[in-house]
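Fold and contact review
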Amino acid sequence: MVILIMLYNLHTHSNLSDGRNSLEQIVETAANENIEILGISDHSTVPFPTEWNMKDENVEVYLKEIERLREIYPSVKILAGIEGDFIPGVQNFSQMSDFEYIIGSVHYALTDGEPESFDSSPDAFDKIVKNFYNNDVQKFIKYYYDALLQMVDSCRFDIVGHLDLVKKFNTVRPSFDEQAKAYKSKVYEVLELIKECSLTVELNTGGITRNLMKDPYPSFDFIKLARQMDIPICINSDSHAANTLLKNREIAVEAALSAGYKYEYIPVIDKFQDLK
Ligand SMILES: [Zn+2]
Ligand SMILES: [Zn+2]
């Protein structure tokens, strides 16, 4: 028996933030690959200069281009989302109402001056921990998950992006123990709030595509916990190129099934579907 599943990806970057390809190249590829739901989610603007966030003046360009592409590629339902950078006490969300959905993510650490992204390289991660968190990785981890708690609690987001991003370099350059009780209970606290606020957790395969890990975000233990708590999941590639829209999806499907999930959830269209 053939069971058709709707192909989708809700976490997609174009060259209007730090992706490689134009929106048109991405949408054309999605159409060729029979992707039915394509959520574009470039990095939101932030109130300081960066290399990878969308520029203020490009927000309108982005929304207009998506509008134009909807006419040209009617087979793809294109959603104008955003990956919103939550930065405690810094980021305001004045432009967020322009978008159809928001992935909430924490990429920035608080420093003495402007916030700095901690996930650009292992060296950047180490430097931030050393210079701004007393060289105490636990202190930084606490900052990260407390920021996530604030983010979830703000109720401005639909999907929690790469829940345990702090583990990004932990395989290539181990800096903390993911099995530690205190670490797990912090993640559990975040999942409880996610449940309470009815958000969706993404299984994000971006770290696998970057050859940094073999499993998605979040780690399997937390996917299992999310399953026990009946938190809906969607599977996203966090694609930064047109040719990786569904990259490593099968690994995330396998993890979700092993954790006991039977369905995935596409939040923007409010639809559950079989995982296989
Ligand atoms: Zn991200
Ligand atoms: Zn992303």
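Overview of the structure. Since this is a predicted model, take the numbers as computed values, not measurements. (Residues numbered from 1 in each chain as written. Chains lettered and ligands numbered in written order. Predicted model: local features only at pLDDT ≥ 70, side-chain atom pairs only at ≥ 80, totals over all residues. Heavy atoms only, no water.)

A few words now on the pairing of strand S3 (residues 77-85). Across the nine residues of S3, eight count as buried, placing the element largely inside the fold. As paired elements, strand S2 (residues 37-40) and S3 share four bridges and run parallel to each other. Across the sheet, the residue bridging to Ile-40 is Ala-80, located in S3. In this fold, the crossover linking S2 to S3 by way of helix H2 (residues 58-72) has right-handed handedness. Pairing of S3 with strand S4 (residues 101-105) involves five bridges; the strand directions are parallel. Paired with Glu-83 across the two strands is Ile-103, which belongs to S4. (Buried < 20%, exposed > 50% of the residue type's maximum accessible area, 1.4 Å probe, protein only. Helix = DSSP H or I, 4+ residues; strand = E, 2+ residues; numbered from the N terminus. Pairing = 2+ DSSP bridges. Right-handed = clockwise from strand over helix to strand, strands pointing away.)

Angles between donor atoms at a metal ideally measure 109.5 degrees for a four-coordinate tetrahedral arrangement and either 90 or 180 degrees for a six-coordinate octahedral one. The protein atoms that coordinate the zinc ion (ligand 2) are His-11 (NE2), His-13 (NE2), Glu-83 (OE) and Asp-238 (OD), at distances spanning 2.0 to 2.3 Å. Note that the zinc ion (ligand 2) binds four donor atoms; their angles at the metal cover 80 to 168°, and the shape is irregular. Sequence spacing of the donor residues for the zinc ion (ligand 2), all on one chain, is H-x1-H-x69-E-x154-D. For Glu-83, a relative accessible area of 0% corresponds to the buried category. (Donors = N, O, S within 2.8 Å, 3.2 Å for Na, K, Ca; no water. Tetrahedral: all angles 85-135°; square planar, octahedral: opposite > 155°, others 65-115°.)

Per the stated rule, a full pass over the model turns up 16 salt bridges. The salt bridge partner of Glu-65 is Arg-68, with a shortest N-O separation of 2.9 Å. Here Glu-65 and its partner Arg-68 are both found in helix H2, three residues apart, which amounts to about one turn of the helix. The exposure class assigned to Arg-68 is partly exposed, which follows from its relative accessible area of 36%. Where Lys-168 meets Asp-119, a salt bridge forms, and the shortest distance between an N and an O atom there is 3.5 Å. Of this pair, Lys-168 sits in the loop between strand S7 (159-160) and helix H5 (181-196) while Asp-119 sits in the loop between strand S6 (116-117) and helix H3 (122-132), and the two are 49 residues apart along the sequence. (Salt bridge = Lys/Arg side-chain N within 4 Å of Asp/Glu carboxyl O.)

Another point: the coordination of the zinc ion (ligand 1). For the zinc ion (ligand 1), the protein coordination sphere consists of Glu-83 (OE), His-107 (NE2) and His-162 (NE2), at 2.1 Å. Sequence positions of the residues that donate to the zinc ion (ligand 1) give the spacing E-x23-H-x54-H. In this model, the zinc ion (ligand 1) sits 3.3 Å from the zinc ion (ligand 2), the two metals being bridged by Glu-83. Taken together, the positions of His-107 in the loop between S4 and strand S5 (108-109) and His-162 in the loop between S7 and H5 put the pair 55 residues apart, joining distant regions of the chain.

With that out of the way, let us pick up the packing of helix H4 (residues 137-153) against H5. Remark: H4 packs on H5, axes separated minimally by 9 Å, with the N-to-C direction vectors making an angle of 10°. In terms of axis orientation, H4 runs roughly parallel to H5. Each of Ile-141, Tyr-145, Asp-146, Leu-148, Leu-149, Val-152 and Asp-153 in H4 lies in contact with H5, whose residues at this interface are Tyr-183, Lys-186, Val-187, Glu-189, Val-190, Leu-193 and Ile-194. Its residues placed into classes, the contact of H4 with H5 shows 10 nonpolar, no polar and four charged. (Axes fitted to C-alpha atoms, helices over the stretch in contact; angles between N-to-C directions. Parallel < 35°, antiparallel > 145°, perpendicular 65-115°, else oblique. Contact = heavy atoms within 4.5 Å. Nonpolar A, V, L, I, M, F, W, Y, C, P; charged D, E, K, R; others polar.)

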